[in-house]
Amino acid sequence: MACAIDRKQIVEIAYAGLAVPAGGLLPPSFGDYYFEPSSDQVLDNNPDKANKLLDDAGYSAKNADGIRQAADGTPLKFRIIAISSTTVDVRTAQLFVESAANVGIKLDLSTVDSDTMGSTVYNTDGPDWDLFVWGWDSGVNDPDYLLGVPLSSQIGGNNDVFYADPAYDALYDQQAGELDPAKRVAIVQEMQAKFYDDCAYIIPVYLKKLQAYRKGSWSNLKETPGGIIFNFTRDNYVKATPGK
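What counts, and at which threshold
Residues numbered from 1 in each chain as written. Predicted model: local features only at pLDDT ≥ 70, side-chain atom pairs only at ≥ 80, totals over all residues. Heavy atoms only, no water. Pairing = 2+ DSSP bridges. Helix = DSSP H or I, 4+ residues; strand = E, 2+ residues; numbered from the N terminus. Right-handed = clockwise from strand over helix to strand, strands pointing away. Salt bridge = Lys/Arg side-chain N within 4 Å of Asp/Glu carboxyl O. Phe/Tyr/Trp six-rings, centres within 6.5 Å; stacked < 30°, edge-to-face > 60°. Buried < 20%, exposed > 50% of the residue type's maximum accessible area, 1.4 Å probe, protein only. Axes fitted to C-alpha atoms, helices over the stretch in contact; angles between N-to-C directions. Contact = heavy atoms within 4.5 Å. Arc of directions from axis to C-beta. Disulfide = S-S within 2.5 Å.

**Student:** Break down the pairing of strand β2 (residues 77-83) for me, with residues and values.
**Tutor:** Note that β2 and strand β3 (residues 106-112) share seven bridges and pair parallel. Within β3, the position partnered with F78 by the bridge is L107. As for the winding sense of the linkage, the β-α-β connection from β2 through helix α3 (residues 87-102) to β3 is right-handed. Where β2 meets strand β4 (residues 131-133), three bridges bridge the pair, whose relative direction is parallel. When the bridges of β4 are listed, I80 appears paired with L131.

Structural data, given as structure tokens:
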């Protein structure tokens with residue numbers, strides 16, 4: 001699926017250009033920690049590669065509807081859910097459906113309310129879903145929080161995709177205790193490269209957050225990574241003064 005989707009298409013159609021194509025767990029506002037896959041690492045907008053991977057995995061046969069199937073005839077058919085009130089997520093899911101169909105995978109889209117999404121995705125006793133479109137955010141500019149989402153220890157907590165990899169967990173512990181900034185950056189980059197390649201999440205975009213304020217009402221608000229109003233440092237909350 002990561003090779004089948006077109007992130008630039010999602011940016012333009014689902015987000016009207018108010019996003020950028022994504023890669024790793026951390027968006028560009030994390031500076032040196034930001035991971036951008038190299039040309040040979042990229043899993044995006046490459047249906048030829050997607051088709052080859054599926055062929056090599058034994059799903060070369062297709063049924064009368066053009067859907068790939070396993071050796072026993074089971075079609076590659078999955079469910080995808082999105083929150084009905086989040087229109088950008090619904091449109092993203094629709095584009096996933098179209099991209100999947102182009103490589104012989106059928107996705108059936110259903111929309112749900114936010115409460116149903118949460119109770120479905122986080123149902124650790126009896127998980128009953130295949131794919132979902134949702135999002136994460138971070139209120140701090142340290143990578144630790146977002147990197148900690150897919151930890152094995154977070155299954156039943158933040159880990160909503162049941163990802164479990166001892167190597168990833170070990171790297172997380174290493175970066176958490178590393179005091180040398182350059183060494184920590186290298187570990188964080190390695191973690192993201194691994195998670196990107198494992199495709200537990202297929203992260204389509206990083207949002208460009210729309211924020212508005214009245215210049216006549218406030219002064220001293222400056223562009224800040226993370227947004228003028230909501231940002232990592234909360235600096236503008238301290239420095240903003242009433243306008244004239």
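**Student:** So what about the pattern of salt bridges? Which residues, and what values?
**Tutor:** Evaluated as defined, the whole model comprises 10 salt bridges. R79 is paired through a salt bridge with D128; the nearest N and O atoms lie 3.0 Å apart. With R79 in strand β2 and D128 in the loop between α4 (114-121) and β4, the pair connects residues that are 49 residues apart, well separated along the chain. Sharing partners across several salt bridges, the network here consists of K77, K106 and D108.

**Student:** Any details on the packing of aromatic side chains? Residues and values, ideally.
**Tutor:** Per the stated rule, a full pass over the model turns up 10 aromatic pairs. Ring centres of Y122 and W134 lie 6.1 Å apart, and the angle between their planes is 55 degrees; this geometry places the pair in the tilted category. Of this pair, Y122 sits in the loop between α4 and β4 while W134 sits in the loop between β4 and α5 (144-148); the two residues are 12 residues apart in sequence, bridging distant segments of the chain. Residue classification places W134 among the partly exposed positions, given a relative accessible area of 33%. On the numbers, 4.9 Å between centres and 75 degrees between planes, the contact of W129 with F132 is edge-to-face. With a relative accessible area of 17%, F132 lands in the buried category. One aromatic cluster is present, formed by Y122, W129, F132 and W134 through successive ring pairs.

**Student:** I'd love a proper account of the sheet that holds β2, names of residues and values included.
**Tutor:** On the basis of which strands lie adjacent, the open sheet formed by three strands has the order β3-β2-β4 and parallel pairing. The sheet terminates laterally at β3 and β4, the two strands that pair on one side only. Across the sheet, the mean angle separating the axes of adjacent strands is 25 degrees when strand polarity is ignored. Of the strands in this sheet, β2, β3 and β4 are in contact with α4, which crosses β2 at around 135 degrees.

**Student:** Talk me through helix α2 (residues 47-56); I want residue IDs and the actual numbers.
**Tutor:** Of the positions making up α2, those classed as buried are A50, N51 and L54. Within α2, the buried residues cover an arc of 95 degrees as seen down the axis, which keeps them to one side. Residues of α2 that are exposed and point more than 90 degrees away from the buried face comprise D48, K52 and D56. Phi turns positive, to about 95 degrees, at G58, one or two residues after α2.

**Student:** Tell me what's going on with the state of the cysteines, and back it up with residues and numbers.
**Tutor:** Applying the stated rule across the entire model yields zero disulfides. C3 supplies the cysteine sulfur nearest to C199, a cysteine that is in no disulfide, at a spacing of 7.1 Å. Classification of C199 as partly exposed rests on a relative accessible area of 28%.

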